[in-house]
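# Structural overview for review
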Amino acid sequence: IDYQEINTKGADRRGRNLAKRWEGLMVRAEERKDGKDPSNWKQRKKNAAICDTLTKDTGTAALLVNWTQFVESGSDCGLLVETHLGTGGDRFGIVGLHTCGDLAAASIRTFLSSPGATFLCNIGCCYRPLTEQFSSNEDDPTTPHHAGFPLSTFLQSRNYSLGRLARTLAAQPLSRLASTPRLPDRSLLWRAVLQVLAAKVAPDLSWQQMKVGNTAAKCDSFVEYAKKCFDKIGADVGRSDQELSELYQEQENKFGKKLNAFYQFRTLFAPLVESIILVDRLVFLEEESSVKDCYLVKMFDSTLSPRSYAVVATKLNE
């Protein structure tokens, strides 16, 4: 289910491509089984058109159906299943892979509000855009209704909040960083020195005005980076190239190693923050009388997929 038609078309296109690749894998497996050398797609295309398993009329239901519709959080998805899949909406599962921000919470709420949904498997992603019901940060406005965090009454009763910086930290791939040890990207130091520069030449700039995005990816030096950032925010950099270079060298010598150490130390807390978010979702399900079992299940290798834990739940038979 996608909210916009362009996303639905993209899903259809990916589905067709995957179906063709899967068909090719099946053919090659049969050829190996028969002792033949596996053919390539050009050879198979000469003999017959590759079967499109999503659209071929075989008299059976399609394996995958994509459609465009806005689904309210807490609505009954059984009606959608019955309408678009041509089956009964009294027994189905809700599965979400890398559900960004509030989509994870919305999927869990929809699982509980859909009588026919008997199974849930949800893997979250991108905790930074997650909305919070209680936030003390003025730059991170609260969302009192249908917020993505916290879900459980246990944390709600404590007005618990994480804040934007903690949510951003929760997505740091600790296992991946540990498996391929390297120092943080130079852009981290560039951004820190840019803040020092701003405090010197434009102290009145607010935090919101200093949002410069991924400008570092387009630059080869700090001097170029500083100029582009100040052009972007509409302020005068107020320093020559030589002065900018000297400022950077001074800050790098003083704080470069310390910043790297801080970044690595800070990343150690990423699994802790992520655990708070995941356990809150688990406790929310535990609090519901209709839920039979719920678990946190590690599905993937964290070095390949940092968001590796799934919230899995089943309902009682009614």
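Heads up: the structure comes first, above all this text.
Small disclaimer: the values here were computed from a predicted structure and weren't measured.

Turning next to the environment of F284. Structurally, the position occupied by F284 is in helix α11 (residues 270-286). The buried category is assigned to F284, whose relative accessible area is 11%. C-alpha of F284 to C-alpha of R109: the two residues are 175 residues apart in sequence and 9.6 Å apart in space. Contact partners of F284, with chain neighbours within four places excluded, come to I108, R109, L112, L151 and S152.

Ranked by size, the top nonpolar core spans 22 residues in total, and within it W190, L194, L197, F222, Y225 and F230 carry the most contacts. Sorting the residues of this core by element identifies α8 (186-201), α9 (222-233) and α10 (241-267) as the ones contributing at least two each. In terms of residues, this core owes the most to one element, α9, which gives seven residues. Other than its neighbours up to four places away in sequence, W190 contacts A216, C219, D220, S221, F222, Y225 and Y248.

A few words now on the packing of aromatic side chains. Tallied over the full model, the rule gives five aromatic pairs. For the ring pair W190 and Y225, a centre distance of 5.4 Å and an interplane angle of 35° mean the geometry is tilted. Here W190 is found in helix α8, whereas its partner Y225 is found in helix α9, with 35 residues between them in sequence. For the pair W190 and Y225, one class covers both residues: buried. An aromatic cluster is defined as three or more aromatic residues linked by ring pairs; in this entry it consists of W190, F222, Y225 and Y248. One cation-aromatic arrangement involves K315 over F111; the distance from NZ or CZ to the ring centre is 4.8 Å.

Its twelve residues give α9 an end-to-end C-alpha distance of 16 Å, which sits within 8% of 16 Å, the value for a rise of 1.5 Å per residue. The set of residues buried in α9 consists of F222, V223, Y225, A226, C229, F230 and I233. Angularly, the buried residues of α9 cover 160° about the axis, an arc narrow enough to put them on a single face. With respect to the buried face of α9, the exposed residues turned more than 90 degrees away are D231 and K232. Buried-residue contacts for α9 involve α8 and α10.

With that out of the way, let us pick up the sheet that holds strand β3 (residues 291-298). Strand order in the open sheet made by the four strands is β1-β2-β4-β3, with mixed pairing throughout. Strands at the two margins of the open sheet, each flanked by one partner only, are β1 (92-100) and β3. Averaged over all adjacent pairs, the angle separating strand axes in this sheet is 10°, with direction ignored. Sheet analysis places β1 next to strand β2 (residues 117-125), joined by eight bridges and oriented parallel. The partner of G93 across the bridge, within β2, is F119.

Among covalent bonds in proteins, the disulfide is the one between the sulfur atoms of two cysteines. For the structure shown, the criterion picks out zero disulfides. No disulfide involves C125; its nearest neighbouring cysteine sulfur is the one of C126, lying 3.3 Å away.

What follows deals with unusual backbone geometry. In this model, F149 is joined to P150 through a cis peptide bond whose omega is -10°. Relative to the assigned elements, P150 resides in the loop between β2 and α5 (153-156). One non-glycine residue, C126, adopts positive backbone phi at about 50°. Structurally, the position occupied by C126 is in the loop between β2 and α5. Residue class for C126 comes out partly exposed when judged on its relative accessible area of 34%.

Attention now moves to the packing of helix α4 (residues 103-113) against α11. One can describe the packing of α4 onto α11 by two numbers: an axis separation of 11 Å at closest approach and a directional angle of 10°. The pairing of α4 with α11 is recorded here as roughly parallel in orientation. Counted together, A104, I108, R109, F111 and L112 of α4 and R281, F284 and L285 of α11 form the full contact between these two elements.

Between two packed helices, both the angle of their axes relative to each other and the distance between the axes serve to describe the pair. Running from N to C, α8 and α9 cross one another at 55°; their axes reach a closest spacing of 11 Å. Relative to α9, α8 is oriented oblique. Crossing of α8 against α9: the hand is right-handed. Seen from α8, the contacting residues are W190, R191, V193, L194, L197, A198 and V201; seen from α9, they are F222, Y225, A226, C229 and F230. Among the residues making up the contact of α8 with α9, the classes are represented as eleven nonpolar, no polar and one charged.

What counts, and at which threshold
Residues numbered from 1 in each chain as written. Predicted model: local features only at pLDDT ≥ 70, side-chain atom pairs only at ≥ 80, totals over all residues. Heavy atoms only, no water. Helix = DSSP H or I, 4+ residues; strand = E, 2+ residues; numbered from the N terminus. Buried < 20%, exposed > 50% of the residue type's maximum accessible area, 1.4 Å probe, protein only. Contact = heavy atoms within 4.5 Å. Core = buried A, V, L, I, M, F, W, Y, C linked by side-chain atoms within 4.5 Å. Phe/Tyr/Trp six-rings, centres within 6.5 Å; stacked < 30°, edge-to-face > 60°. Lys NZ or Arg CZ within 6 Å of the ring centre and 35° of its normal. Expected span 1.5 Å × (residues − 1). Arc of directions from axis to C-beta. Pairing = 2+ DSSP bridges. Axes fitted to C-alpha atoms, helices over the stretch in contact; angles between N-to-C directions. Disulfide = S-S within 2.5 Å. Parallel < 35°, antiparallel > 145°, perpendicular 65-115°, else oblique. Left-handed = near helix turned anticlockwise from the far one by under 90°. Nonpolar A, V, L, I, M, F, W, Y, C, P; charged D, E, K, R; others polar.

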